Amino acid sequence: MKKRVVVGLSGGVDSSVAAYLLKEQGYEVIGLFMKNWHDDSVTISNECPWLEDSNDALMVAEKLGIPFQTVDLSEQYKEKIVDYMFKEYENGRTPNPDVLCNREIKFDVFMKIALSLGADYVATGHYCRKDEQVITKDDGTQETVYKLLAGVDPNKDQSYFLCQLSQEQLAKALFPVGKLLKPEVREIAAKMNLITADKKDSQGLCFIGKVRLPEFLQQQLQRKDGLIYEIAKDSPIYNKEQAEAEAVSLEETLYNEAKSIVYAPEMGKKVGEHFGAHFFTIGQRKGLNVGGTAEPLFIIGTDVKENIIYTGQGSDHPGLFHKALFVKESEIHWIREDLALQEGETMSILARIRYRQPLQKATLHKVKEGMYVRFDQPQSAITEGQFVSWHIEDELIGSGVISKL
């Protein structure tokens, strides 16, 4: 009897080819389109209209001769993703809705719907791979562990977006295009005359599209005028930080390397005004509307309580860099639970703090309150609320939410 796979058909080329490949492999394939958003007022016109995507997904399904239906998950999406985004920005953190969308919507709500339709697996068009390995546990019993591997195409690897998946979710997931390069995917789509063959990749928020973020956030977050200050590269605060980093114990050193600098207006000079510190993020360069500086201004700190933004000139400003970051105990997530560290243990890994960032050499340090990720080289714009993922070679083994110290 054929195994049944429900494919999340997004109306894009990747999921279209995923459905085709699975059918070719002998699976019984069903196409399901997720409608997650109704409000077009904040999307940039024609960038990612859900109606067009839905029609494209339907035409792909008809071309492939597979059943198709649309499911409306907009209520769950608003509750689990959009409301979360508003709350995080309001608290001065910068969320990653795409990671949450995969954990909470595609591989949870959507997966449950798919399984209720009798599916053995759920497939998406993500550029990543899955593998499995039988391991022997301490008690002598054996179990299968599922591995999340990078996509073969280095320019399209999307494993980072799946860094919060569990073993249970991975067990039921398939990623048919993960072994292909993007041009190969488009070639297959063109050969099959799929309407999505030359369609541009979608950008912006998962299933919402490209949005004007300030306008999107202003639906619920009020404008609040405040001041922008510039901190000089040679400010005494950086000498003080350097001296404090030379602590006694390793844990003190890690804490000092990960903690945020507390800025105050008297440390710098006023250079402009803004419309709400909660609309801005560390490392941001655009949207400040401050001119007349020798080098571009980057945001090095935000204070949502006092509604102040602190900036520094140039991408090499010391306020942008940290050697370590911290993840709270409750926000540590292991895909490979069998590799989880115990208090006092360390592990050499590769890490990334944002999508498309090249993997960086680092060491995990497990402490009672959580986990430090200490990089071999200082990293720019480590941002509270974003996800850090950790890897061994091409396998993503865990992740966590970056916390402010």
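Provided above is the structure to which this section pertains.
What counts, and at which threshold
- Every chain's residues receive numbers from 1 upward, in the order its sequence appears when written.
- The predicted nature of this model means local features are confined to residues of pLDDT at least 70 and side-chain atom pairs, given and counted, to a pLDDT of 80 or more, with totals for whole chains, interfaces and linings taken over all residues.
- Calculated side-chain values reflect all of the structure's heavy atoms, with hydrogen atoms and water omitted.
- To obtain the bend at a residue, axes are fitted to the seven residues ending there and to the seven starting there, and the angle between these axes is taken.
- Strands here mean DSSP runs of E at least two residues long; helices mean DSSP runs of H or I at least four residues long; both are numbered from the N terminus.
- Residue exposure (1.4 Å probe, protein chains only): buried if accessible area is under 20% of the type maximum, exposed if over 50%, otherwise partly exposed.
- Strands are labelled as partners when DSSP assigns at least two bridges between them.
- By definition here, a salt bridge exists when the distance from a side-chain nitrogen of Lys or Arg to a carboxyl oxygen of Asp or Glu is within 4 Å.
- As used here, the term nonpolar core means buried Ala, Val, Leu, Ile, Met, Phe, Trp, Tyr and Cys residues forming a set that is joined through side-chain atoms within 4.5 Å.
- Only heavy atoms matter for contacts: two residues are in contact if any of them lie within 4.5 Å across the pair.
- With axes taken as lines fitted to C-alpha atoms, and helix axes fitted only over the stretch in contact, angles between N-to-C directions fall between 0 and 180 degrees.
- Should an angle fall under 35 degrees it is called roughly parallel, over 145 degrees roughly antiparallel, and 65 to 115 degrees roughly perpendicular, with every other angle called oblique.
- Crossings are classed by handedness, with left-handed meaning an anticlockwise turn of the near helix from the far one by less than a right angle and right-handed meaning a clockwise turn.
- Just so you know the grouping, Ala, Val, Leu, Ile, Met, Phe, Trp, Tyr, Cys and Pro go in nonpolar, Asp, Glu, Lys and Arg go in charged, and all remaining residues, Gly too, go in polar.
- In summary, the pairing rule links any two rings of Phe, Tyr or Trp, Trp by its six-membered ring, whose centres are within 6.5 Å, and it sorts them by plane angle into stacked for under 30 degrees, edge-to-face for over 60 and tilted for everything else.

What follows covers helix 3 (residues 74–90). The largest bend along helix 3 measures about 25° and falls at Val82. Taken from the residues just after helix 3, Gly92 is the one with a positive phi, measuring 80°.

As a further point, take the pairing of strand 8 (residues 226–230). Burial within strand 8 is extensive, with four of its five residues counted as buried. Sheet topology note: the strand 8/strand 9 (residues 269–274) ladder contains five bridges and is antiparallel. If you follow Ile228 over to strand 9, its bridge partner there is Gly272. Relative to strand 11 (residues 308–313), strand 8 runs parallel, the two sharing four bridges. Looking at strand 11, one finds that Glu230 is bridged to Thr311.

What follows deals with the pattern of salt bridges. Between side chains of opposite charge, a pair can form as their charged atoms come close. Scanning the entire structure with this criterion turns up 20 salt bridges. Linking Asp108 and Lys112 is a salt bridge whose minimum nitrogen-to-oxygen distance equals 2.9 Å. Taken together, the residues Asp108 and Lys112, both in helix 4 (residues 97–116) and four residues apart, mark about one turn of the helix. Residue Asp108 is classed as buried on the basis of its relative accessible area of 18%. For Lys112, a relative accessible area of 57% corresponds to the exposed category. Salt bridges sharing common partners tie together Glu88, Arg93, Glu331 and Glu384.

Moving on: the pairing of strand 18 (residues 395–401). Here strand 18 lies mainly inside the structure; seven of its seven residues are buried. Here strand 13 (residues 332–334) runs beside strand 18; their pairing, made up of three bridges, is antiparallel. Looking at strand 18, one finds that Trp334 is bridged to Gly398. Across six bridges, the pairing between strand 17 (residues 387–392) and strand 18 is antiparallel. Paired with Trp390 across the bridge in strand 18 is Gly398. Joining the antiparallel neighbours strand 17 and strand 18 is a turn of two residues, in which Glu393 adopts a positive phi near 55°.

Of note in this structure, Asn193 is not a glycine but carries a positive phi near 55°. Here Asn193 shows up in the loop between helix 6 (182–191) and helix 7 (213–217). Take Asn193: its relative accessible area is 58%, and that puts it in the exposed class. Despite not being glycine, Asn289 has its phi angle at roughly 55°, a positive value. Tracing the sequence through the fold places Asn289 in the loop between strand 9 and strand 10 (297–303).

In this section: the nonpolar core. Within the largest apolar cluster, 49 residues are counted, with the highest numbers of intra-cluster contacts made by Ile105, Phe110, Leu148, Phe175 and Leu288. At the level of elements, strand 2 (28–35), helix 3, helix 4, strand 6 (142–150), strand 10 and strand 18 are the ones that each hand at least two residues to this core. In terms of residues, this core owes the most to one element, helix 4, which gives nine residues. Contact partners of Ile105, with chain neighbours within four places excluded, come to Met34, Asn36, Leu73, Gln76, Tyr77, Lys80, Ile81, Leu100, Phe110 and Met111. Core analysis: the next-biggest nonpolar cluster, separate from the first, contains 27 residues, Ala57, Ala61, Ala123 and Tyr127 among them.

Right, let's get into the packing of helix 1 (residues 13–24) against helix 6. At a minimum axis separation of 9 Å, helix 1 and helix 6 run at an interaxial angle of 65°. On the basis of their axis angle, the class for helix 1 and helix 6 is roughly perpendicular. Here helix 1 and helix 6 pass one another in a crossing that is left-handed. Residue-level contacts link Val13, Asp14, Val17, Tyr20 and Leu21 of helix 1 to Lys182, Val185, Arg186, Ile188 and Ala189 of helix 6. A per-class count over the contact of helix 1 with helix 6 returns seven nonpolar, no polar and three charged.

Sheet architecture is open: four strands sit in the order 9-8-11-10, paired in mixed fashion. A single partner strand is all that each edge strand has here, and the edge strands are strand 9 and strand 10. Strand-to-strand twist of the sheet, defined as the mean angle between neighbouring strand axes without regard to direction, takes the value 30°. As defined by bridge partners, strand 10 adjoins strand 11 across six bridges and the pair is classed as antiparallel. Paired with Asp303 across the strands is Ile308, a residue of strand 11.

Attention now moves to the environment of Thr363. On the secondary structure map, Thr363 appears in strand 15 (residues 360–367). Distance from Thr363 to Asp157, taken between C-alpha atoms, is 23 Å for residues 206 residues apart in sequence.

Let us now look at the packing of aromatic side chains. If you walk through the whole model with that rule in mind, you get 10 aromatic pairs. Relative to Phe161, the ring of Tyr160 lies with its centre 6.0 Å away and its plane at 65°, an arrangement referred to as edge-to-face. Relative to Phe280, the ring of Phe275 lies with its centre 5.4 Å away and its plane at 50°, an arrangement referred to as tilted. Overall, Phe280 belongs to the buried group, its relative accessible area being 6%.

The next point concerns the sheet that holds strand 2. With respect to topology, five strands assemble into an open sheet ordered 3-2-1-4-7, the strand pairing being parallel. Since the sheet does not close on itself, it has two edges, and those belong to strand 3 (68–72) and strand 7 (173–174), each with one partner. Sheet topology places strand 4 (residues 121–123) next to strand 7; two bridges connect them, and they run parallel. Its bridge partner being in strand 7, Val122 is matched across the sheet by Ala173. Seen against the sheet, helix 4 touches strand 1 (4–8), strand 2, strand 3, strand 4 and strand 7 and runs at an angle of roughly 125° to strand 2.

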